Each structure stands twice: as C-alpha cells, then as structure tokens.
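# Analysis of the macromolecular model
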Amino acid sequence: MSDRVAVIATHVRRGLFQSAPGVGRHAAIHFVLLIVAFIFALPFLWMASTSLKEATQVESFPPVYIPSPVVWENYVEALTFLPFHQYFFNTTLISALVIVGDVLSASFVAYGFARLRAPGRNFLFIVMISTMIVPLAVRLLPTFLLFKWMNWVNTFLPLIVPAFFGTPYFIFFVRQFYRTIPQELSDAARVDGASEFRIWWQIMVPLSRPVLIAIGIFAFANVWNDFLYPLVFLTDRTKWTISIALSAMIDATGEDIQFWNLMMAAAFASVAPMVVVFGFAQRYFTQGVTLTGIKG
C-alpha cells in the first residue's frame, strides 16, 4: 500500500513540475497584457480624474491624480453649458436607425453574394469592394450636392438613409460568415418549399447573431464619433450631435484651462455610452469578428 502511495506522489510531483513552466508563461503573458491595457486606458483614466477636479487642481503641479474633493457638480455644469440632453437624443436617434439599416442591408445583400447563383455575381462583389478605396474627401462634395438637390440638407436623412442601402465593409463582413454556414441547411429549407427570403430571415439571420451584433457595435461607434458628416449636413443648432456640441463647447470656452474639468466631464459623458455598449456586447463582438475569418 505504501509503495502505491509513493508512486502516486511521484506522479503528482512530476505533473506539478511539468505544468509549472506553462503556468509561469501564462502568468507572464497576463502581466504584460495588464501593463499594455493600463497604458491604453491611462488617457481615459486621466480624463475621468480631471472631470472630477476643482478648477485649481487642473493646473496644479505636481499633478493631482486623485481629486480631493470629488466635484460631481462638474457634470451638471458641463451638461447644462449647452443643451446636451437634446444632442444626446439626436445622436441616439441617428445611431439606432443607422444600426437597424446597416444590420438589415448588410445581412440581406451578403446573403445574395454568398448563397445565390447569378451571372456576374463575383464581378459585382468586386465592384462593391472597390468602392472602399475611394477617399471620403472625393465622395463628400458629390454626396452633398445630391442631398442638397433632394432638399435633405439640415435633416437627419443624409446621416440615416445611406445605411439602408448597404455599407461595403459590413457586407463583406457578413458574407464571410455566411460562407461558413453549411449549404445543406438552405437546401433542406428549399426542399420544404421555403423561399429565399424566408431562408434568409428564418435561418441565416438567427444563425448570424454574433456577426450582426459586431456590425451593430461598429455602426454605433462610427455614428457616435462621427464629426464630419453632421458638421456638413446639419446647420440648425437644435439638430447637432454630440461631437459637434463638444467642438462648440471648446470654441465657447476658448480652450481656457479653467474650463478643462468641465470639458473633460462632457467628453467622459459622451464616451460612456460606447463603453457600456461594448462592455455588454464584447463576447458577441469577439465571437463575430473571429468567426468571419474561418473561411475565405
């Protein structure tokens, strides 16, 4: 009995020694990743810290890293400096409609490129992808003239409607995912009499939830951070978005250091929704990005 116990103990010690290098390697990798994550998060943390400081602590030297006292009133004063509640509503409305448009159009068009057989399909796909290399500055003037001719300037339509006609990158993104789904699922549905539209809506869309959520996050970030298009198409102050309001706040304060705490409070409040959305959907975001690279 003692010999058997000794043999078991020997195997356990060998297993511990063999696993020790692996554990150390993983610990070192995690330590390096934590350092890199902290470096990338440092500007965000400094912004949060500055947003809670008194005006005198903003320019103090040595710098004050932890505000004392914590001035929560900065957020109230910053968000009432301009009617930010209206700008938050405008940006949220535009973002929600753009997300719906991008998700529906990308999944619908990608289904045609990935599953339907038609003459010239690959050529049309190459043409669509080629539009991604056209610089934004080249497209801006013709786009503005088109929307001006349609009397859409100073409305939300130029910012919303194009999403319902498809974004090339998102279409390519979803097409890559659709090509990983077995063809047998669609064939079985066709045998049962399902139309192509029904196959897309009841089979492909539910199976592509991770990639569609990833697209939604990309679309939300693009719209929420967009400055150029709202600046060009929105002239009425009541229709401004968050990005334009932040720029207007900087212009109004003249970049005075006494107002940096208020500007940081407004900036922190503007990026908070993106952090919250990504925090709740990061698992689907990572899964969607990963699955689109399985099959070319």
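Now for a description of the structure that goes with this document. Only a predicted model underlies this, so the values are computations on that prediction, with no experimental measurement involved.

What counts as what
- Residues numbered from 1 in each chain as written.
- Predicted model: local features only at pLDDT ≥ 70, side-chain atom pairs only at ≥ 80, totals over all residues.
- Heavy atoms only, no water.
- Helix = DSSP H or I, 4+ residues; strand = E, 2+ residues; numbered from the N terminus.
- Buried < 20%, exposed > 50% of the residue type's maximum accessible area, 1.4 Å probe, protein only.
- Areas by Shrake-Rupley, 256 points an atom, 1.4 Å probe, with all protein chains shown as cover.
- Core = buried A, V, L, I, M, F, W, Y, C linked by side-chain atoms within 4.5 Å.
- Contact = heavy atoms within 4.5 Å.
- Axes fitted to C-alpha atoms, helices over the stretch in contact; angles between N-to-C directions.
- Parallel < 35°, antiparallel > 145°, perpendicular 65-115°, else oblique.
- Left-handed = near helix turned anticlockwise from the far one by under 90°.
- Nonpolar A, V, L, I, M, F, W, Y, C, P; charged D, E, K, R; others polar.
- Phe/Tyr/Trp six-rings, centres within 6.5 Å; stacked < 30°, edge-to-face > 60°.
- Lys NZ or Arg CZ within 6 Å of the ring centre and 35° of its normal.
- Polar contact = N/O pair within 3.5 Å; in protein donor to acceptor, adjacent residues only side chain to side chain.

### Considerations on the overall build of the chain
Along its length, the chain carries 14 helices and zero strands. Written out in order from the N terminus, the α and β elements of the chain read α-α-α-α-α-α-α-α-α-α-α-α-α-α. For the chain, the proportion of its 296 residues judged to be buried stands at 35%. Working note: accessible area of the chain is about 18,000 Å², and carbon and sulfur atoms make up 72% of it.

### Points about the nonpolar core
The biggest cluster of nonpolar side chains holds 39 residues, and the ones touching the most others in it are Ile94, Val98, Val174, Tyr178, Met204 and Ile215. Of all elements in the fold, only helix 4 (84-115), helix 5 (121-130), helix 6 (136-149), helix 7 (157-160), helix 8 (168-178), helix 10 (196-207), helix 11 (209-225) and helix 12 (228-233) reach the threshold of two or more residues within this core. The element contributing the most residues to this core is helix 4, with eight residues. Setting aside anything within four residues of it in sequence, one finds Ile215 in contact with Asp102, Val103, Ala106, Phe170, Phe173 and Val174. Judged by nonpolar contacts, the second largest core, of 22 residues, contains Leu52, Met249, Met263 and Ala269.

### Points about the environment of Pro273
Mapped onto the fold, Pro273 is located in helix 14 (residues 260-291). For Pro273, a relative accessible area of 23% gives the class partly exposed. Considered as a pair, Pro273 and Ala221 are 52 residues apart in the sequence and their alpha carbons are 9.7 Å apart. Residues contacting Pro273, with those up to four places away along its chain left out, are Phe88, Phe220 and Trp224.

### Overview of unusual backbone geometry
Its identity is not glycine, yet Asn151 carries a phi of approximately 60°, on the positive side. With respect to the element layout, Asn151 can be found in the loop between helix 6 and helix 7. With phi around 70°, Asn154 is a residue other than glycine that occupies positive phi space. When you line up the elements, Asn154 lands in the loop between helix 6 and helix 7.

### Concerning the packing of helix 5 against helix 8
Between helix 5 and helix 8, whose axes approach to 9 Å, the crossing angle comes to 135°. Accordingly, the angle class assigned to the pair helix 5 and helix 8 is oblique. In terms of crossing hand, the pair formed by helix 5 and helix 8 is left-handed. Note on element contacts: helix 8 touches helix 5 through Pro168, Ile171, Phe172 and Arg175, opposite Phe125, Met128 and Ile129. Tallied by class, the residues present in the contact of helix 5 with helix 8 amount to six nonpolar, no polar and one charged.

### Side note on the packing of aromatic side chains
For the structure shown, the criterion picks out 22 aromatic pairs. Taken together, the aromatic side chains of Phe144, Phe147, Trp152, Tyr229 and Phe233 make up a single cluster linked through ring pairs. Note that Lys53 overlies the ring of Trp46, its terminal NZ or CZ placed 4.0 Å from the centroid. Positioned above the aromatic ring of Phe125, the side-chain terminus of Arg175 is 4.0 Å from the ring centre.

### Some remarks on the side chain of Thr91
Its place among the elements puts Thr91 in helix 4. For Thr91, a relative accessible area of 1% corresponds to the buried category. A distance of 3.0 Å separates a polar atom in the side chain of Thr91 from the backbone nitrogen of Ile242.

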